[in-house]
Amino acid sequence: MAEQGERARHWRYAELPDVDLLRAHYIRKAFVRHTHEHFVIAAIADGVEVFHHRGADQYAGAGTLALVNPDTPHTGRAGVPEGWRYGAVYPSPQLVAEIAAETTSIKGTPGFVRPVLDDPYAVSLVHQVLRAADEGNALAADTLLRVAVTRLLRSNGGPLPQREVRSAGARVAARAREVLELRMAEPPSLEKLAGDLGTGPFALLRAFRDTYGMPPHTWLTDARVRRARRMLDAGVSPAEAALAVGFTDQPHLNRHFSRIVGVPPGAYQRERKNVQDAWREPS
């Protein structure tokens, strides 16, 4: 149940298939350390959001954007008592790469350089995208999204550094991640995982945190929520998805899902079903 005064809608618009959309006002909610498969472009309308990103707290106030690249660990919480109100778009890496190739000179995989950008006009563009999606205006929504992403890439874009698994520790961390992905529902203990990989528990813990920005158990919870999202998108019930990814029951999934995605899995799936139904409507 949402805190009094808090509200959020996380949805998709059928005409923007590679983009998640969010409109929210949070006061007491705190997002745990997590990652996204898509880019985060969050336009702050009121209040202040604080998010831990690459070793430091970042402050995004009204008229600024919080920008997070895919697979980058971060958190989120209110920076003032009244919380923060914002709208966000989450374009896929493929869509951003397509826009960058057409409108910028960025070489390599494009991404954002600074996590907070003071740009009220870009903030306005993001909110216009959400409004156009609400109104079913596909031409406006797609156009404004591309204009916003282009603007942000031109003012704050660059090639993302490539993560190369060179050190022995990074190689062990990558192997540990593969094991956890395969055994998501029944993961081994840290000691057993380390032993199977020929290292010690604390050495594995350090290597995994250095490589992926979070310890293995935090990464596993994040990965479980990601997989649960894909299952919910495919029509699997929250209760079935919870057990399939390794949570003890649906309330266990609800708690972690809300702390990462921002809405409960039931509300998330209902919005997805609305999009699927829209695709099935006769023309």
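Not measured: the values here are computed from a predicted model.

Chemist: Got a minute to help me understand the overall build of the chain in this structure?
Modeler: If you tally the helices and strands in the chain, you get ten helices and eleven strands. Taking 283 residues into account, the globule formula puts the C-alpha radius of gyration at 19 Å, and the chain, at 19 Å, falls close to it. The principal-axis extent of the C-alpha atoms belonging to the chain is close to 55 × 45 × 40 Å. Within the span of the chain, comprising 283 residues, buried residues form 49% of the whole. Taking as baseline every contact in the chain between residues at least 6 positions apart, the subset at least 24 positions apart corresponds to 72%. Of the accessible surface of the chain, which amounts to about 14000 Å², a share of 52% is contributed by carbon and sulfur atoms.

Chemist: Where do I start with the pattern of salt bridges in this structure?
Modeler: If charged atoms from side chains of opposite charge come close, those side chains can pair. A full pass over the atoms with the stated rule returns 17 salt bridges. The residue R272 makes a salt bridge to D20 at a minimum N-O spacing of 2.6 Å. Highlighted residues: R272 in helix α10 (residues 265-280) and D20 in strand β2 (residues 19-26), separated in sequence by 252 residues. For the residue pair R272 and D20, the accessibility class agrees, reading buried in each case. Of the charged contacts in the structure, one is a salt bridge between R85 and D46, with a shortest N-O distance of 2.2 Å. Placement of R85 in strand β8 (residues 84-91) and of D46 in strand β4 (residues 40-53) is noted, with a sequence separation of 39 residues between them. Residue class for R85 comes out partly exposed when judged on its relative accessible area of 35%. Connected via shared salt-bridge partners are R12, D20, R229, D233 and R272.

Chemist: Explain helix α9 (residues 250-261) to me, please; I cannot follow it from the model alone.
Modeler: An α-helix turns once every 3.6 residues. As a result, residues three or four positions apart point the same way. Taking 1.5 Å of rise per residue, twelve residues should cover 16 Å, and α9 covers 15 Å from first to last C-alpha, within 8% of that figure. Along α9, the residues classified as buried are H252, L253, H256, F257, S258, I260 and V261. A positive backbone phi angle near 105° is found at G262, which sits one or two residues after α9.

Chemist: I tried to follow the side chain of H38 on my own but got confused; where do I start?
Modeler: Checked against the element boundaries, H38 lands in the loop between β3 (31-34) and β4. Separated by 2.9 Å, the side chain of H38 and the backbone oxygen of Y90 make a polar contact. In this structure, H38 is in contact with R12, D18, P70, Y90, P91, S92 and P93, ignoring residues within four places of it in sequence.

Chemist: I would appreciate a short explanation of the packing of helix α7 (residues 216-233) against helix α8 (residues 238-245) in the present structure.
Modeler: When two helices pack together, their arrangement is given by the angle between the helix axes and by the axis-to-axis distance. Between α7 and α8, the least distance of the axes is 9 Å, while the angle of their chain directions is 140°. Helix-helix and strand crossings are classified by hand; for α7 and α8 the assignment is right-handed. Judged by residue contacts, R224, R227, A228, M231 and L232 of α7 engage P238, A241, A244 and V245 from α8. Its residues assigned to classes, the contact of α7 with α8 comprises seven nonpolar, no polar and two charged.

Chemist: Please clarify how the nonpolar core should be interpreted in this entry.
Modeler: Residues L21, I41, L65, V89, L145 and L152 are the most contacted members of the largest nonpolar core, which totals 33 residues. Sorting the residues of this core by element identifies β2, β4, β6 (64-68), α1 (93-103), α2 (120-135) and α3 (138-156) as the ones contributing at least two each. Per-element tally for this core: the top contributor is α2, with eight residues. Contact partners of L145, with chain neighbours within four places excluded, come to L16, V19, V89, L95 and V129. Within the second largest apolar cluster, 30 residues are counted, among which are Y212, A241, F257 and I260.

The rules we used
- Residues numbered from 1 in each chain as written.
- Predicted model: local features only at pLDDT ≥ 70, side-chain atom pairs only at ≥ 80, totals over all residues.
- Heavy atoms only, no water.
- Helix = DSSP H or I, 4+ residues; strand = E, 2+ residues; numbered from the N terminus.
- Rg over C-alpha atoms; globule rule 2.2 N^0.38 Å.
- Buried < 20%, exposed > 50% of the residue type's maximum accessible area, 1.4 Å probe, protein only.
- Contact = heavy atoms within 4.5 Å.
- Areas by Shrake-Rupley, 256 points an atom, 1.4 Å probe, with all protein chains shown as cover.
- Salt bridge = Lys/Arg side-chain N within 4 Å of Asp/Glu carboxyl O.
- Expected span 1.5 Å × (residues − 1).
- Polar contact = N/O pair within 3.5 Å; in protein donor to acceptor, adjacent residues only side chain to side chain.
- Axes fitted to C-alpha atoms, helices over the stretch in contact; angles between N-to-C directions.
- Left-handed = near helix turned anticlockwise from the far one by under 90°.
- Nonpolar A, V, L, I, M, F, W, Y, C, P; charged D, E, K, R; others polar.
- Core = buried A, V, L, I, M, F, W, Y, C linked by side-chain atoms within 4.5 Å.

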